[in-house]
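Coordinate analysis (summary)
Read off the chains here:
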Amino acid sequence: GGGGGGGGGGVGRVGGGVPAGGCRRGGAGGDPVGLGVRAGAWRRGRGGAGLRCYLPAMARLLATTASLPAGGGAYALPTLTVGVFLTDQPDHRIAVGRDRLRTVPLARLQGWILPAGAEGTCAFDAPLDVATVSLPAALLQGAGLDADPGAVAPVVGALDPLLVQMVLQAERFGEGGTLYAETVAQALAAQAARVLRPAEPPVTAAIDDRRLRRAVQHIRAHLAEDLSLAAMADVAAMSPAHFARAFRRATGTSPLQFVIAERLETALALLRTTRLSVAEVAYRVDYADVPRFGQHFKRRYGTTPGAARGG
């Protein structure tokens, strides 16, 4: 559905003559991102450009970006692959396996997670920029996820915000040396495993009211957006006052404080696993005021965001 780590041109192979931690331009032949795009169509000046980055051998993670012309085609992925769309695709269509092609509109920073062995077709009516990361089975198994074909269900639509940010930063993993690359590759695999092996977080599991559970899930999926009390209450189908009382009884904290805590936890993970600036991390968790972000962060963790990065 708009990218992939292994169809056609065999992008899923790690190595391919590229030095560990190195990158090369896409379009050398075949279909570099598994989209049924003919050989050469991905070259600069022919409708697209891309960059393949192979991390050191122990990490064995492949990050790719591509700019593709409108079209689509068949895909076949030898390894589990995460694709993040960088452009809106309101008419995106996808079929997984023998399913019929169905319309699944995808906005920027939405995408898909397709398991190893996934095959199907996809189509998109506008040029597409997409970032993909292919995660070999060994890396996922090290994170505690069964990556065998059939063990992971496809995900198409909204993705975990932290996973998205890690995919967008994946091409830069090799810049910090082998140890750094391996560490963050393992962190990305662990995050993917967490997303694909959904264990109910303790707060959610302790909530009996499914309306409140729905609100908590909504909060975690939309940390970069404006989460007003009215908006959260609307998700729970409650009045704002009733929602605030019920939420505090169920969680021991107010909805606002819960949102702040979730945003700061995500920010901490971004600081430790990406090269985003402190200001960019703040923006990703809906803090327009960076000093205020720093104050909240230090109050919670006892250190500054910059110092936490090295922790």
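Heads up: these notes are all about the structure in this document.

Parameters at a glance
- Residues numbered from 1 in each chain as written.
- Predicted model: local features only at pLDDT ≥ 70, side-chain atom pairs only at ≥ 80, totals over all residues.
- Heavy atoms only, no water.
- Helix = DSSP H or I, 4+ residues; strand = E, 2+ residues; numbered from the N terminus.
- Buried < 20%, exposed > 50% of the residue type's maximum accessible area, 1.4 Å probe, protein only.
- Areas by Shrake-Rupley, 256 points an atom, 1.4 Å probe, with all protein chains shown as cover.
- Salt bridge = Lys/Arg side-chain N within 4 Å of Asp/Glu carboxyl O.
- Contact = heavy atoms within 4.5 Å.
- Pairing = 2+ DSSP bridges.
- Phe/Tyr/Trp six-rings, centres within 6.5 Å; stacked < 30°, edge-to-face > 60°.
- Axes fitted to C-alpha atoms, helices over the stretch in contact; angles between N-to-C directions.
- Parallel < 35°, antiparallel > 145°, perpendicular 65-115°, else oblique.
- Nonpolar A, V, L, I, M, F, W, Y, C, P; charged D, E, K, R; others polar.
- Left-handed = near helix turned anticlockwise from the far one by under 90°.
- Expected span 1.5 Å × (residues − 1).

With that settled, the discussion passes to the overall build of the chain. Per the secondary structure count, the chain includes 11 helices and 11 strands. Counting across all 311 residues of the chain, residues that qualify as buried make up 46%. Carbon and sulfur atoms make up 52% of the accessible area of the chain, which amounts to about 13900 Å² in all.

Our focus in this paragraph is the pattern of salt bridges. The full count for this structure, using the stated rule, is 7 salt bridges. With a closest N to O distance of 3.2 Å, D286 and R263 form a salt bridge. One end of the pair, D286, is in the loop between α9 (278-284) and α10 (290-301); the other, R263, is in helix α8 (residues 255-273), with 23 residues separating them in the sequence.

A separate point is the environment of T103. Position of T103 among the secondary structure elements: in strand β7 (residues 102-103). The exposure class assigned to T103 is exposed, which follows from its relative accessible area of 52%. Sequence-distant contacts of T103, defined by excluding residues within four places in its chain, comprise P90, H92 and R93.

Regular strands show a simple pattern: their side chains alternate between the two faces of the sheet. As judged from the 2 bridges shared by strand β6 (residues 93-96) and β7, these two strands associate in the antiparallel manner. Across the sheet, the residue bridging to R93 is T103, located in β7. Linking two consecutive strands that pair antiparallel, namely β6 and β7, is a turn of 5 residues; a positive phi of about 65 degrees is found at G97 within it. The sheet contact formed by β6 and strand β9 (residues 119-124) spans 4 bridges and is antiparallel. Of the residues in β9, the one forming a bridge with A95 is T121.

Attention now goes to the sheet that holds β6. Overall, antiparallel pairing links the 4 strands, which are arranged β4-β9-β6-β7 in an open sheet. Looking at the sheet topology across the chains shown, the edges are occupied by β4 (71-76) and β7.

As a further point, take the packing of aromatic side chains. Tallied over the entire structure, the rule returns 5 aromatic pairs. An angle of 50 degrees between the planes, with centres 5.5 Å apart, marks the rings of F243 and F247 as tilted. Taken together, the residues span about one helical turn, with F243 and F247 both in helix α7 (residues 240-251) at a distance of 4 residues. For F247, a relative accessible area of 0% puts it in the buried group. Aromatic side chains F247 and F258 sit 5.4 Å apart centroid to centroid with 70 degrees between the ring planes, which places their arrangement in the edge-to-face category.

Time to look at the packing of helix α5 (residues 210-221) against α7. Interaxial distance between α5 and α7 falls to 11 Å at its minimum, and their mutual angle equals 90 degrees. Regarding the angle of α5 to α7, the classification is roughly perpendicular. Facing α5, whose interface residues are R211, L212, A215, V216 and I219, α7 presents H242, F243, A246, F247 and A250. Residue classes in the contact of α5 with α7 are distributed as 8 nonpolar, 1 polar and 1 charged.

Between α5 and α8, whose axes approach to 10 Å, the crossing angle comes to 40 degrees. By the angle class used here, α5 and α8 are oblique. For the pair α5 and α8, the crossing hand works out as right-handed. Taking contact as the criterion, the partners of V216, I219 and R220 in α5 are, on α8, F258, V259 and E262. Of the residues that constitute the contact of α5 with α8, the class distribution is 4 nonpolar, no polar and 2 charged.

Attention now moves to α8. The end-to-end C-alpha separation of α8 is 27 Å, in line with the 27 Å expected for 19 residues at 1.5 Å each. Where burial is concerned, most of α8 is hidden: 14 out of the 19 residues are buried.

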